[in-house]
Amino acid sequence: MFRKAAALTRSLAVAGLAAAALAGPAGAANFKFAGPLDAYTLDPHAVSNTLIFAVLSNVYEPLVRRGADLKLEPALATEWKQVDDLTWEFTLRQGVKFSNGNAFDADDVVFSLNRAKAGGVKANLAAIASIEKAGDHKVVVKTGAPTPILPAMIVNWFIMDKEWAEANGAVQPGSANNQTETFANRNAMGTGPYVIKERDPGVKTVFAANPGWWDKITGNIDQATFFVIANPATRVSALVTGEVDMVDGLPPQDVQRIEETKGLRVQAGSDLRTIYMQPDIARDNLLHGSEKSKNPFKDVRVRRAMTLAIDTTAIQNRVMRKLSTPVGLPIGKEVEGFDAELGKPVVADVDKAKALMAEAGWEKGFTVNLDCTNDRFMNDEATCLAIAASLQRIGITVEPRIAPTARWAKQINPPDYDTSLVLVGYSPATYDAHLFFTSIVATRDPKSGLGAFNIGGYSNPEVDRLIADIGKERDRTKRLGQIRQAFALMKEDAAYIPIHQLKILWGVKDSVTVVQPADLGYPLRYFVVK
């Protein structure tokens with residue numbers, strides 16, 4: 001069981017990146033792949049969403065990107081430098097055109113920052129105080145505080161054609177919950193290696209190589225079609241019958257079948273994304289539960305009891321077929337700032353959990369809805385049900401409210417945060433804990449965008465102070481110490497209940513070389529079909 005997948009560790013995935021990058025193109029090829037869900041918007045500034053970034057990174061480009069070895073490298077900026085503590089200067093690439101032929105320049109960068117800071121990705125850019133054009137191909141960025149990792153923080157800040165946006169009424173970004181329809185929701189205009197040739201939301205997206213791309217596609221994919229196939233069995237069948245070359249979201253129960261099928265293989269690497277549960281501790285009552293005059297989640301003893309009641313090892317063995325790793329922090333071990341001691345998973349102790357519930361006055365328990373997806377994470381619905389069973393043991397009756405990602409996201413995301421308890425996952429594109437803190441942990445601040453995806457409304461002033469310090473600390477040792485302090489406080493508050501870190505599972509034809517970055521991207525420019 002799982003003999004090939006076990007061998008395909010993160011290091012091999014990175015090696016695959018390098019090998020693919022070095023491999024020469026074998027002639028133009030069509031590539032077909034499928035996944036369980038669609039990017040629900042093409043607007044690069046509407047929401048900070050891993051899948052949306054994965055799809056759009058083939059079309060839009062940032063100033064700084066991650067290369068085949070996952071290191072930072074120039075993209076639309078050829079070089080950058082920190083002029084002083086609060087000032088960065090970016091020199092922009094000349095001769096670049098958007099796929100409609102419009103020239104790329106500093107006006108597009110300034111426009112894209114202002115647009116992004118008005119959208120759901122503004123938390124990712126909260127460190128940037130202002131931007132100024134300093135010539136057609138130079139911009140000066142001012143940060144609110146010293147920000148030594150600024151280049152790593154902007155790898156998913158995509159640049160949009162200002163002229164195209166203005167001409168199509170898309171100056172303002174769509175909303176994070178996709179309730180606001182703009183031209184940019186369904187259309188895209190970037191400078192990247194591919195253009196979107198055809199788009200049928202929820203069905204398929206067709207990418208075509210951008211003949212005017214400034215860089216070189218090192219793979220040989222001339223056209224790629226991404227199919228949305230929600231049903232896992234249908235998705236696997238499409239791979240086995242040769243209808244597609246690769247499937248994302250391979251169900252764990254089909255790993256052995258794929259391994260034993262001639263011409264197919266399993267490619268499994270570490271997933272930066274970590275799954276955790278977050279209760280609503282902002283409201284004074286349960287919006288979706290039995291308690292209409294009080295909120296049991298406001299009591300830290302209840303939250304700690306929940307952490308102790310959930311047996312993540314049992315979930316790993318029985319639900320995830322060992323394709324997950326229980327964790328004690330809601331970030332992956334590959335993320336800068338992960339602390340091995342704090343990251344140890346909590347050992348389940350139901351008796352201790354019951355005692356905490358009784359101490360908090362909730363020995364008779366309560367009822368609450370748990371909002372989960374059924375198409376977003378590996379075995380997400382089954383994990384949701386397992387959590388419900390675990391919490392039942394301490395008197396908390398969990399009624400799972402399971403929905404497709406598109407509906408789930410509209411509900412739980414800002415501005416409404418319409419949930420009392422949610423199962424969610426996150427992977428910081430910067431590979432650094434600070435982005436997790438600013439997006440997910442900081443006290444919500446609609447003006448700055450900090451804490452925009454702090455779904456449960458957690459707030460701890462001391463953690464906020466540390467988040468600010470982490471953002472400007474240049475000394476790595478001191479910075480790691482600050483991150484550890486923040487995680488220790490957060491763990492003590494038990495406002496985030498870590499479940500596990502996932503594996504990325506792809507089923508792939510042997511005739512195809514793909515790369516599999518831990519941030520869930522599909523970097524088509526490296527893919528090769530023999």
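Residues numbered from 1 in each chain as written. Predicted model: local features only at pLDDT ≥ 70, side-chain atom pairs only at ≥ 80, totals over all residues. Heavy atoms only, no water.

Engineer: Go over the sheet that holds strand 6 (residues 128-133), please, and point to the residues and values.
Structural biologist: An order of 4-5-7-6 is seen for the four strands of this open sheet, with the pairing classed as antiparallel. Strands with a single pairing partner mark the edges of an open sheet, and in this sheet they are strand 4 (77-84) and strand 6. Adjacent strand axes in the sheet meet at a mean angle of 20°, parallel and antiparallel pairs treated alike. For strand 6 and strand 7 (residues 138-143), the ladder comprises five bridges, and the chain directions are antiparallel. By the bridge assignment for strand 7, I128 is matched with T143. Contacting strand 5 (87-92), strand 6 and strand 7, helix 4 (residues 106-116) runs over the sheet at an angle of about 155° to strand 6. (Pairing = 2+ DSSP bridges. Helix = DSSP H or I, 4+ residues; strand = E, 2+ residues; numbered from the N terminus. Axes fitted to C-alpha atoms, helices over the stretch in contact; angles between N-to-C directions. Contact = heavy atoms within 4.5 Å.)

Engineer: Describe the pairing of strand 10 (residues 221-228), listing the residues and the values that go with them.
Structural biologist: Direction of pairing for strand 1 (residues 29-35) relative to strand 10: parallel, over a ladder of seven bridges. Note on strand 10: the bridge partner recorded for K32 is T225. As judged from the five bridges shared by strand 9 (residues 204-209) and strand 10, these two strands associate in the antiparallel manner. By the bridge assignment, K204 is partnered in strand 10 with F227.

Engineer: Can you break down the packing of helix 15 (residues 433-441) against helix 16 (residues 461-472) residue by residue, with the values?
Structural biologist: In a packed pair of helices, the relevant descriptors are the angle between the two axes and the axis-to-axis distance. Direction vectors running N to C along helix 15 and helix 16 enclose 140°, while the axes themselves pass 10 Å from each other. Put simply, helix 15 runs oblique to helix 16. Seen from above, helix 15 lies across helix 16 with left-handed handedness. For the pair helix 15 and helix 16, contact is made by H434, F437, T438 and V441 and by V463, I467, I470 and G471, respectively. (Parallel < 35°, antiparallel > 145°, perpendicular 65-115°, else oblique. Left-handed = near helix turned anticlockwise from the far one by under 90°.)

Engineer: Can you tell me about helix 14 (residues 405-412), naming the residues and giving the values?
Structural biologist: Along helix 14, the residues classified as buried are T405, W408, A409, Q411 and I412. Seen end-on, helix 14 carries its buried residues on one side only, within an arc spanning 165°. Elements that come into contact with the buried residues of helix 14 comprise strand 14 (366-373), strand 15 (396-403) and strand 16 (421-426). (Buried < 20%, exposed > 50% of the residue type's maximum accessible area, 1.4 Å probe, protein only. Arc of directions from axis to C-beta.)

Engineer: Could you give an account of the packing of aromatic side chains, naming the residues involved and the relevant values?
Structural biologist: Per the counting criterion, the structure on display carries 23 aromatic pairs. Taken together, Y276, Y426, F436, F437, Y458, F487 and Y496 form an aromatic cluster joined through their ring pairs. In this arrangement the basic side chain of R444 is found over the ring face of Y417, its NZ or CZ atom lying 3.6 Å from the centre. (Phe/Tyr/Trp six-rings, centres within 6.5 Å; stacked < 30°, edge-to-face > 60°. Lys NZ or Arg CZ within 6 Å of the ring centre and 35° of its normal.)

Engineer: If you had to explain the state of the cysteines to someone new, which residues and values would you point to?
Structural biologist: In a disulfide, the sulfur atoms of two cysteines are covalently bonded to one another. Using the criterion set out here, one finds one disulfide in the structure. A sulfur-sulfur separation of 2.0 Å characterises the disulfide bridge that pairs C372 with C384. Handedness here is read from the sign of the S-S torsion; for C372 and C384, about 70°, the answer is right-handed. Of this pair, C372 sits in strand 14 while C384 sits in helix 13 (residues 380-392), and the two are twelve residues apart along the sequence. (Disulfide = S-S within 2.5 Å.)

Engineer: Explain the environment of E363 residue by residue, including any values.
Structural biologist: Structurally, E363 is set in the loop between helix 12 (350-359) and strand 14. Residue classification places E363 among the exposed positions, given a relative accessible area of 51%. Distance in space between the C-alpha atoms of E363 and G263 is 56 Å, their sequence separation being 100 residues. Setting aside anything within four residues of it in sequence, one finds E363 in contact with M357 and A358.

Engineer: Go over the packing of helix 10 (residues 300-309) against helix 12, please, and point to the residues and values.
Structural biologist: The N-to-C vectors of helix 10 and helix 12 enclose an angle of 165°; their axes lie 8 Å apart at closest approach. What the angle tells us is that helix 10 and helix 12 run roughly antiparallel. Remark: the crossing between helix 10 and helix 12 carries left-handed chirality. Each of R301, V302, R304, A305, L308 and A309 in helix 10 lies in contact with helix 12, whose residues at this interface are V350, K352, A353, L356, M357 and E359. The residue makeup of the contact of helix 10 with helix 12, split by class, is eight nonpolar, no polar and four charged. (Nonpolar A, V, L, I, M, F, W, Y, C, P; charged D, E, K, R; others polar.)

Engineer: If you had to explain unusual backbone geometry to someone new, which residues and values would you point to?
Structural biologist: Residue P415 is reached from P414 by a cis peptide bond, and omega for that bond is 10°. Structurally, P415 can be placed in the loop between helix 14 and strand 16. Not every positive phi belongs to a glycine, and N379 is a case in point at roughly 55°.

Engineer: Mind laying out the side chain of H500, listing which residues take part and the relevant values?
Structural biologist: As for its placement among the helices and strands, H500 is situated in strand 17 (residues 497-509). The exposure class assigned to H500 is buried, which follows from its relative accessible area of 2%. The contacts of H500, once residues within four sequence positions are left out, are T274, I275, I315, M320, S324, T325, P326, V327 and T383.

Engineer: Tell me what's going on with helix 4, and back it up with residues and numbers.
Structural biologist: Within helix 4, nine of the eleven residues are buried, leaving the element largely enclosed by the surrounding structure. Every buried residue of helix 4 is accounted for by A106, D108, V109, V110, F111, S112, L113, R115 and A116. Contacts from the buried residues of helix 4 go to strand 5, strand 6, strand 7, helix 6 (162-167) and helix 7 (183-186). Between the side-chain oxygen of the N-cap and the backbone nitrogen of D107 there are 3.0 Å, and the N-cap of helix 4 in question is D105. (Polar contact = N/O pair within 3.5 Å; in protein donor to acceptor, adjacent residues only side chain to side chain.)

Engineer: Summarise the nonpolar core; cite the residues concerned and give the values.
Structural biologist: Ranked by size, the top nonpolar core spans 165 residues in total, and within it F31, L63 and F437 carry the most contacts. Excluding residues within four positions of it along the chain, F437 makes contact with A442, I467, I470, I483, A486, F487 and M490. (Core = buried A, V, L, I, M, F, W, Y, C linked by side-chain atoms within 4.5 Å.)

Engineer: Can you tell me about the pattern of salt bridges, naming the residues and giving the values?
Structural biologist: In the structure shown here, the tally under the stated rule is 27 salt bridges. A salt bridge links E89 to K81; the nearest nitrogen and oxygen atoms lie 3.8 Å apart. Ionic pairing is found between E341 and K344, a salt bridge with its closest N-O pair at 3.4 Å. Among the residues examined, E341 registers a relative accessible area of 49% and is labelled partly exposed. On the basis of relative accessible area, K344 is assigned to the partly exposed category, the value being 47%. (Salt bridge = Lys/Arg side-chain N within 4 Å of Asp/Glu carboxyl O.)

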